[in-house]
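Summary of the model geometry
Single-letter residue listing:
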Number of protein chains: 2
Amino acid sequence: MKRTFLLTLLVSLSFLSLKAADKGGEEPVDLVNPFIGTSNFGTTNPGAVCPNGLMSVVPFNVMGSDLNKYDKDARWWSTPYEYHNVFFTGFSHVNLSGVGCPEVGSLLLMPTTGKLNVDYKEYGSTYDKEVAHPGYYSNHLIKYDVKTEVTATLRSSVARFTFPKGESHVLLNLGEGLTNESGAMVKKVSDTEWEGVKLQGTFCYNSQAVFPIYFVMRISRQPLASGYWKKQRTMKGAEAEWDPDNGKYKLYTSYQKELSGDDIGVWMNFNTEANEQIDVQMGVSFVSIANARENLEKEQSGKDFDIIHAEANRKWNDDLSRILVEGGTKTERTIFYTALYHTLIHPNILQDVNGQYPAMESNDIRTVSDGNRYTVFSLWDTYRNVHQLLTLVYPERQRDMIRSMIAMYDEHGWMPKWELYGRETYTMEGDPAIPVITDSWLKGLRGYDINKAYEAFRKSALTKGKDNPLRPDNDEYMQKGYVALHEQYDNSVSHALEYYIADNALSRLADALGKKDDARLFYNRSLGYRHYFDKEYGMLRPLMPDGSFYKPFNPRQGENFEPSPGFHEGNAWNYTFYVPHDVMGLAKLMGGQKKFVDKLQSVFDKGYYDPANEPDIAYPYLFSYFKGEEWRTQVLTHKLLKEYFKNAPEGIPGNDDTGTMSAWAVFNMIGLYPDCPGEPSYTLTSPVFDKITIRLDKAQWGRDSIRIETIRPNADAVIIREVTLGGKPLNRYRITNDELLKGGELKFYLK
Amino acid sequence: MKRTFLLTLLVSLSFLSLKAADKGGEEPVDLVNPFIGTSNFGTTNPGAVCPNGLMSVVPFNVMGSDLNKYDKDARWWSTPYEYHNVFFTGFSHVNLSGVGCPEVGSLLLMPTTGKLNVDYKEYGSTYDKEVAHPGYYSNHLIKYDVKTEVTATLRSSVARFTFPKGESHVLLNLGEGLTNESGAMVKKVSDTEWEGVKLQGTFCYNSQAVFPIYFVMRISRQPLASGYWKKQRTMKGAEAEWDPDNGKYKLYTSYQKELSGDDIGVWMNFNTEANEQIDVQMGVSFVSIANARENLEKEQSGKDFDIIHAEANRKWNDDLSRILVEGGTKTERTIFYTALYHTLIHPNILQDVNGQYPAMESNDIRTVSDGNRYTVFSLWDTYRNVHQLLTLVYPERQRDMIRSMIAMYDEHGWMPKWELYGRETYTMEGDPAIPVITDSWLKGLRGYDINKAYEAFRKSALTKGKDNPLRPDNDEYMQKGYVALHEQYDNSVSHALEYYIADNALSRLADALGKKDDARLFYNRSLGYRHYFDKEYGMLRPLMPDGSFYKPFNPRQGENFEPSPGFHEGNAWNYTFYVPHDVMGLAKLMGGQKKFVDKLQSVFDKGYYDPANEPDIAYPYLFSYFKGEEWRTQVLTHKLLKEYFKNAPEGIPGNDDTGTMSAWAVFNMIGLYPDCPGEPSYTLTSPVFDKITIRLDKAQWGRDSIRIETIRPNADAVIIREVTLGGKPLNRYRITNDELLKGGELKFYLK
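All values reported here derive from a predicted model rather than from experimental measurement.

**Focus: the overall build of chain A**
The helix and strand tally for chain A stands at 23 helices and 36 strands. For chain A, the C-alpha radius of gyration of 26 Å lies close to 27 Å, the compact-globule estimate for 751 residues. Each of the three principal axes of chain A carries a C-alpha extent, and together these read 80 × 65 × 50 Å. A burial count over chain A gives 69% of its 751 residues as buried. Taking the contacts inside chain A whose residues are at least 6 apart along the sequence as the reference set, 69% of them involve residues at least 24 apart. Just so you have it, chain A exposes about 23,900 Å², and 49% of that area is on carbon and sulfur atoms. Positive and negative side-chain charges of chain A, numbering 85 and 97 respectively, have mean locations separated by a distance of 4 Å.

Encoded structure:
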């Protein structure tokens, strides 16, 4: 099987395209390899999607055959596509990128030929000739000799199937998908249009967080015949004897009104000429079928596949071109632009073209007044770096995301934690909305009601646990300053560490808003991590309700996603240094700089560092807090980038976490990292590229761009000899966002 | 368990009520015992329904417990209620009465108390204190100490549940029901309203004849909480481990938008006071949810349970009072009015209050211009007597039924055979629309397009078999004059016998319309039965394609619903005499009157007569074709009535067949029987009652009423000595409808 990512040059209308074209015609969009992260549990996918688009169309290859190495039903599985799988059962519409729990990935659209067969275990096909680039995916179905192509607008998609001569079919399977929820309704509207709704949900064990996707599907040619199927319930006895469809997929040949059920679908029959192309459009909405139809019509009216494809490509190039890099290898540029691509998938827009969206945790439908309503907030992940990247480079999006978060508070009474299409899944822990918004505010991003945000933050920070879905263990936290371990795997330390970071950010915001008492209160709370410090191990260690340390204590327990007392998805080694707001305080507890640095270095030397999950991903930057130790940061970031980020399906170390791993790569490759969420600063490291131009929104940041230049004696040099900011030497490795913007130009001289 | 049918006198607004009240206050409606036919496979039910109403509400007691003697899933089962069953799982909305295949009987509404439980095997309850009368049913759920009551309008229902103090629930189960189809969608509209659609169908092996029922449900009190349930698909492996609802009924506690699935439902929680009553209204439509809502609103607006109940009662009394009987025992009057009640359930109206209905075998929605659109035409049964009864006593309904049938031809291209809510199920055989409409036309009923009907009849009579869903074996029939046996159980003789009867009627209609050539053609065809006459046995016997008789031949093969070569639901004994249009010709073939009469008598003497199915139910009247043998008819009809029609659950000999068995009893008890469908005549027998007044539509029939009087020397007398019609002696036992109407008064003098 040969796969390529398309390097064909598409005419880009980007205002930056000329500039890029000057450099040999290499457009950022053409450097993206959507197959990066599609194996090794990166859980990204090569499907077609627009930047921050609601719709994505993804080749679904994780069910139906033993030929597949990974099967969604045979193990824990959270992505519609795996690079090494081979059995394709259709294109799923609306998908998550880089998450760790199965969700959405349904409305499976499949072309077939020959005798009609609606059993996916039988109608699936192996494939070859995979091609993917931003906004486009194609393959060739070996069993049917059908070429498939898909592209997308923000809220709709179009598939183009090129059939051989003979009996052909298009199937829409509403029974299967990545989500563990079931149940759908479909109705034929005309000979070329169907509408319906499919339930989604149960994301990450939350069986109540369910929500509907509404859809309208149109086909470019009237089928010779069409109908539904439904897998029949298994009956017994007399019923079973007389019903020929008992337990089977029953074909409905004349019935064409509403069909509902757990496992239903639509079939269409055609007689196709050789190379005949049939297009299938799909519009979706989280509000209503009418809105799905309007989305489809408004976004595709008068446009064919090629135009939609070209527009998607151009949108991506425009967005990716906000950071232009020069130098590095083509592989490095590919890794960079693919990482940037991955940071621009989620959060994605939720509202329909008419502005309507499902209000948070409500049956209400509301309308955005201006801007976009965003969804898919995986905040425990993205508060660390994705939103910092968006704030600097895509501030209009970050502003709308903040507005969306504040609107969620309005609608639901709480800031989001892990919001998914209008439902709160309460996945992971902490109060991550606080650092996300605080960071933006302190950097000067405006255009939202910060007082209402503050009100929301204060509510979650001060509400008793039983009434507090964000901080369920808030009573003990407020009273004792820490959360004790009450159950073996209650993640108590992880909970508290997140609260400390949130409270540090909240303290800074309170200070900025002139609320000095609050600032002091939350600052003091943020230092409560010290309770967990155990001198014996020199590490953070779970505390019991009586105040004693948990024992027996094994700091390594919890590696490889095994459960660990007190820690969530990690162990004491992955969490001990996660006090980014009080690095010096932690160092002092540990006995000073040398002990801190030695211990931190041992994390890397002994293989305790987990590059595949969030708690310790800022560890490499902590060395830079200490004079003379900054080289460690620089060496490590280059080493880790090389080791874990590749131009390959295995090119992301683990779940991309809606772009968090990718944002780590983006920041590292341009020499900056926001290592303390809620603090408007970056720690510097040596960039991968020689010249980096970050195009800025001048109205927001007061300048058109930032330039980052790196002068290296040789290609392997990674250690910084000198840094200048705005032409002046900088004798430190940490700068604020204001300093960066004021200076405008960073120059790294490596040695 | 004590059951009574309500004898409480309700004030009737009927114009006849005063008259009836004169006779000691006995109203016809009060004589109806809806439990008659609810055992012994009568398949009637004691639920609440209005005359010819779309809605019926029936206690559902045929699933979920081994306590039940008959279980819908353990055997072939076609009724929602069986008298001897004990485990109640709710009220089903929209049901069939007296049919032999399972269909509809869903939207199961159940009150419970205590901890919420949505598994019908667990939430079902035994019951006592059953009460039923027309338009009303009530019982008491022992497990919950809840009194249930239900009543209905034409297209809606209301249930009144009287709860004890404590935690109470109302459940709507959309996953179960009598139908073998599955799949439903439900959506909460407000805190007190739900709407949805449930698929029905697969009636009598016809898996493509499926159709939706739309509903709107309202509750009189806002629940403390409400939600949905859905039985989850059984998952395996990792999925199964993490999903706590795997394979179970999952409760949805916060999701309130559309829910679809195979096995779903709605739950509501209440805290009720002692004896608190909660009403649940249900509106239905076969067109749309909006129409279901309008039906509910228009028919129940401003009315409470008691008013709706009183109106239903009054409607029944008005209709039943069209035939007033005096004399006989109270048991006989109960049997009579219950039988009349059963003839007024199907066909039932289909259109919504706004006149819309689903066009036949189509996705179109049409609107009736005036009158009613009827549905549930079990014509192989009802062409024998139900429509003859309706023509005489309820001509406005028969007219609309004929209009409905002609409209079906307009919409679908064919007259109905076994039409069910807009779908043709093609159950049983023949072309029964022809005798139904011919009979009415020849009697003088007008108000429909007879030429279009004739066009439809001619089409099915003359179209080749492969294009002819009504007469699939028409090629052979037209060519040879009979249908040969091609497969062991292809019912070939039964098919042909039905065609002969239809062609005889068509010949009469052609004649009446002045189409002499057609009349001759179809008359000749109607005599083709003679091919089947085998002199060896003196019986009709299946023919093979080569013209030889089928062998080995056992005339008794086919008793008790066993399959029989050539005959459908019967054997040669049950079919040999079924040539009502050529009784004398058949007698001649048999060797004359004596041989005919002896042979026919032996059917009764040897126990070959099947009182439980249609083919031979007119046999008793055939004696009256022969001078001096009429007494046999009179003796037999009284004997059969006594033997098979009782004031008891077992009071109907078998499936009531949408009133056909009941119409047999009605006609017999008033001394008339339309023994040759398509011929506008009755054969006379001695009535059960002393005085019978049939109230007539004067505009239609030219007189207000017909009176039938019987003068008997003693109570046991059954043999007729003399008959007078309009005061003049009648020296025969067969009269036309015209003669009856002209005479106006029949007097039977028994000896």
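After that view of the structure, there is still more to cover.
**Structural notes on helix H5 (residues 289–300) of chain A**
Residues and elements named next belong to chain A. The terminal C-alpha atoms of H5 lie 16 Å apart, and with 12 residues this matches the ideal 16 Å at 1.5 Å per residue to within 8%. If you check which residues of H5 are buried, you get Ile289, Asn291, Ala292, Arg293, Asn295, Leu296, Glu299 and Gln300. Where H5 ends, the next residue or the one after it, Gly302, has phi of about 75°, a positive value.

**Quick notes on the sheet that holds strand E17 (residues 264–272) of chain B**
Residues and elements named next belong to chain B. Taken in spatial order, the 8 strands of this open sheet run E2-E3-E4-E5-E10-E17-E14-E15, and their pairing is antiparallel. This sheet does not close on itself; its edge strands, each paired only once, are strand E2 (48–49) and strand E15 (249–252). Two strands pair when backbone bridges link them, and strand E14 (residues 225–231) and E15 are joined in this way by 4 bridges, in the antiparallel orientation. Counterpart to Lys230 in the pairing with E15 is Lys250.

**Here's the deal with the domain arrangement of chain A**
Residue and element names in this part refer to chain A. Assigned domains of chain A: these are domain 1 (3–318) and domain 2 (321–750). Relative to domain 2, the C-alpha centre of domain 1 lies at a distance of 34 Å. Contacts between the two partners involve 61 residues from domain 1 and, on the opposite side, 54 residues from domain 2. Buried area between domain 1 and domain 2, summed over both chains or domains, comes out near 4,700 Å², and the portion from carbon and sulfur atoms is 59%. For the domain 1 face of the interface with domain 2, the top three residues by lost area are Leu31, Ile36 and Asn52, together amounting to 16%. At the junction of domain 1 with domain 2, the criterion picks out 1 salt bridge. Linking Arg333 and Glu26 is a salt bridge whose minimum nitrogen-to-oxygen distance equals 2.8 Å. Linking domain 1 with domain 2 are 32 residue pairs in polar contact (both at pLDDT 80 or more).

**Concerning unusual backbone geometry**
Cis peptide bonds are those with omega within 30 degrees of zero, and the linkage from His346 of chain A to Pro347 of chain A qualifies with -15°. Here Pro347 of chain A lies in the loop between helix H7 (330–343) and strand E20 (348–349). Phi is positive for Asp657 of chain A, close to 55°, though the residue is something other than glycine. Looking at where Asp657 of chain A falls in the secondary structure, it is placed in the loop between helix H20 (630–644) and helix H21 (660–670). The phi angle at Lys129 of chain B is positive, at roughly 55°, despite the residue not being glycine. With respect to the element layout, Lys129 of chain B can be found in strand E6 (residues 127–133).

**Description of the UniProt feature "domain: Glycosyl hydrolase family" (unreviewed entry) in chain A**
Here the UniProt feature "domain: Glycosyl hydrolase family" (unreviewed entry) sits at residues 291–750 of chain A. Note that residues 291–750 of chain A is 43% helix and 13% strand, and that its end C-alpha atoms are spaced 55 Å apart.

**Quick look at helix H11 (residues 433–443) of chain B**
Judged by how many residues are buried, H11 of chain B sits mostly within the fold: 10 of 11 residues are covered. Two residues or fewer past H11 of chain B, Gly444 of chain B is found with a positive phi of approximately 105°.

**Re the side chain of Glu82 of chain B**
Residues and elements named next belong to chain B. By the element assignment, Glu82 lies in the loop between strand E3 (56–59) and strand E4 (91–93). Of the side chains with opposite charge, Lys69 comes closest to the buried, unpaired Glu82, at an N-O distance of 6.8 Å. Excluding residues that lie within four positions of it along the chain, Glu82 makes contacts with Thr38, Ser39, Asn40, Asn61, Val62, Tyr70 and Trp77.

**Observations concerning the relation of the copies chain B and chain A**
Note on the identical chains: chain B maps onto chain A by a rotation of 180° and an axial translation of 0.0 Å, with an RMSD of 0.0 Å. In symmetry terms, the pair is related by a two-fold rotation axis. Considering only C-alpha atoms, the residue of chain B closest to the rotation axis is Gly261 of chain B, which sits at 1.9 Å.

**Points about the sheet that holds strand E31 (residues 691–695) of chain A**
Residue and element names in this part refer to chain A. The strand order across the open sheet built from 6 strands is E19-E31-E32-E36-E33-E34, with neighbouring strands paired in mixed fashion. Bordering the open sheet on either side are strand E19 (323–326) and strand E34 (728–730), each of which pairs with just one other strand. Pairs of neighbouring strands in the sheet enclose a mean axial angle of 20°, with direction left out of account. Where strand E33 (residues 720–725) meets strand E36 (residues 745–750), 5 bridges bridge the pair, whose relative direction is antiparallel. Note that in E36 the partner of Leu725 across the bridge is Leu746. Packed on one face of the sheet, helix H9 (residues 386–393) meets E19, E31 and strand E32 (705–711) and runs near 75° to E31.

**Things to note about the interface of chain B and chain A**
Size of an interface: often given as the accessible area lost when the parts come together. Across the contact, 54 residues belong to chain B and 54 residues belong to chain A. Carbon and sulfur atoms make up 45% of the area that chain B and chain A hide from each other, which totals about 4,400 Å². Of all residues in chain B, Arg233, Trp242 and Lys257 of chain B give up the largest surface area on contact with chain A, accounting jointly for 18% of the area buried on that side. Counting across the chain B and chain A interface gives 8 salt bridges. The residue Arg233 of chain A makes a salt bridge to Asp263 of chain B at a minimum N-O spacing of 3.7 Å. Where chain B meets chain A, there are 23 residue pairs in polar contact (both at pLDDT 80 or more). The element best represented in the side of chain B that touches chain A is strand E13 (residues 210–219) of chain B, accounting for 4 residues.

**Overview of the packing of aromatic side chains**
Under the defined criterion, the tally for this structure stands at 74 aromatic pairs over all chains. Note on Phe41 of chain A and Tyr70 of chain A: the rings are 6.0 Å apart at their centroids and 75° apart in plane angle, and the pair reads as edge-to-face. Highlighted residues: Phe41 of chain A in the loop between helix H2 (28–31) and strand E2 (48–49) and Tyr70 of chain A in the loop between strand E3 (56–59) and strand E4 (91–93), separated in sequence by 29 residues. Judged by its relative accessible area of 37%, Phe41 of chain A is partly exposed. Ring centres of Tyr500 of chain B and Tyr529 of chain B lie 6.5 Å apart, and the angle between their planes is 70°; this geometry places the pair in the edge-to-face category. With a gap of 29 residues between them, Tyr500 of chain B in helix H14 (residues 492–512) and Tyr529 of chain B in the loop between helix H15 (516–526) and strand E27 (533–534) connect regions that are remote in the sequence. One aromatic cluster is present, built from ring pairs that chain together Tyr477, Tyr482, Tyr499, Tyr500, Tyr529 and Tyr532 of chain A.

**Remarks on the packing of H9 of chain A against H21 of chain A**
Residues and elements named next belong to chain A. Relative to each other, H9 and H21 sit at 55°, their axes nearing to 9 Å. The angle between H9 and H21 falls in the class oblique. In this structure, H9 uses Val386, Gln388 and Leu389 to contact H21, whose residues at the interface are Thr660, Ala663, Val666 and Phe667. Broken down by class, the residue content of the contact of H9 with H21 amounts to 5 nonpolar, 2 polar and no charged.

**Thoughts on the pattern of salt bridges**
By the definition in use, this model includes 106 salt bridges over all chains. Between Asp675 of chain B and Arg734 of chain B there is a salt bridge; the shortest N-O distance is 3.4 Å. With Asp675 of chain B in the loop between strand E29 (672–673) and strand E30 (681–684) and Arg734 of chain B in strand E35 (residues 734–736), the pair connects residues that are 59 residues apart, well separated along the chain. One connected set of salt bridges, linked through shared partners, spans Lys72, Asp73, Glu176 and Asp263 of chain A together with Arg233 of chain B.

**Re the environment of Thr438 of chain B**
Residues and elements named next belong to chain B. Take Thr438: it is sitting in helix H11. Sequence-wise, Thr438 and Ala484 are 46 residues apart; in three dimensions their C-alpha atoms are separated by 28 Å. Non-local contacts of Thr438, meaning those with residues more than four positions away in its chain, are made with Phe457, Ala505, Leu509 and Gly678.

**A look at the confidence of the model for chain A**
Residue and element names in this part refer to chain A. Across chain A, the average pLDDT comes to 95, with 97% of residues at or above 70. Every residue in residues 1–22 is under pLDDT 50, and counting partners more than four places away or in other chains gives 59 contacts. For this predicted complex, the interface confidence score (ipTM) comes to 0.93, while the overall pTM stands at 0.95.

**Quick look at the environment of Gly42 of chain B**
Residues and elements named next belong to chain B. Here Gly42 is to be found in the loop between helix H2 (28–31) and E2. According to the relative accessible area criterion, Gly42 is buried, its value standing at 0%. Separated by 119 residues in sequence, Gly42 and Phe161 place their C-alpha atoms 29 Å apart. Those residues in contact with Gly42, other than ones at most four positions away along the chain, are Gly37, Gly98, Gly654, Asn655 and Asp656.

So, how was this worked out
Residues numbered from 1 in each chain as written. Chains lettered and ligands numbered in written order. Predicted model: local features only at pLDDT ≥ 70, side-chain atom pairs only at ≥ 80, totals over all residues. Heavy atoms only, no water. Helix = DSSP H or I, 4+ residues; strand = E, 2+ residues; numbered from the N terminus. Rg over C-alpha atoms; globule rule 2.2 N^0.38 Å. Buried < 20%, exposed > 50% of the residue type's maximum accessible area, 1.4 Å probe, protein only. Contact = heavy atoms within 4.5 Å. Areas by Shrake-Rupley, 256 points an atom, 1.4 Å probe, with all protein chains shown as cover. Lys, Arg positive; Asp, Glu negative; His and termini not counted. Charge placed at Lys NZ, Arg CZ, Asp CG, Glu CD. Expected span 1.5 Å × (residues − 1). Pairing = 2+ DSSP bridges. Domains from an automatic or database assignment. Buried area = accessible area lost by both parts, 1.4 Å probe. Salt bridge = Lys/Arg side-chain N within 4 Å of Asp/Glu carboxyl O. Polar contact = N/O pair within 3.5 Å; in protein donor to acceptor, adjacent residues only side chain to side chain. UniProt positions renumbered as here; feature names shortened; annotations may be inferred. Least-squares fit on C-alpha atoms with pLDDT ≥ 70 in both. Axes fitted to C-alpha atoms, helices over the stretch in contact; angles between N-to-C directions. Phe/Tyr/Trp six-rings, centres within 6.5 Å; stacked < 30°, edge-to-face > 60°. Parallel < 35°, antiparallel > 145°, perpendicular 65-115°, else oblique. Nonpolar A, V, L, I, M, F, W, Y, C, P; charged D, E, K, R; others polar. pLDDT = per-residue confidence, 0-100.

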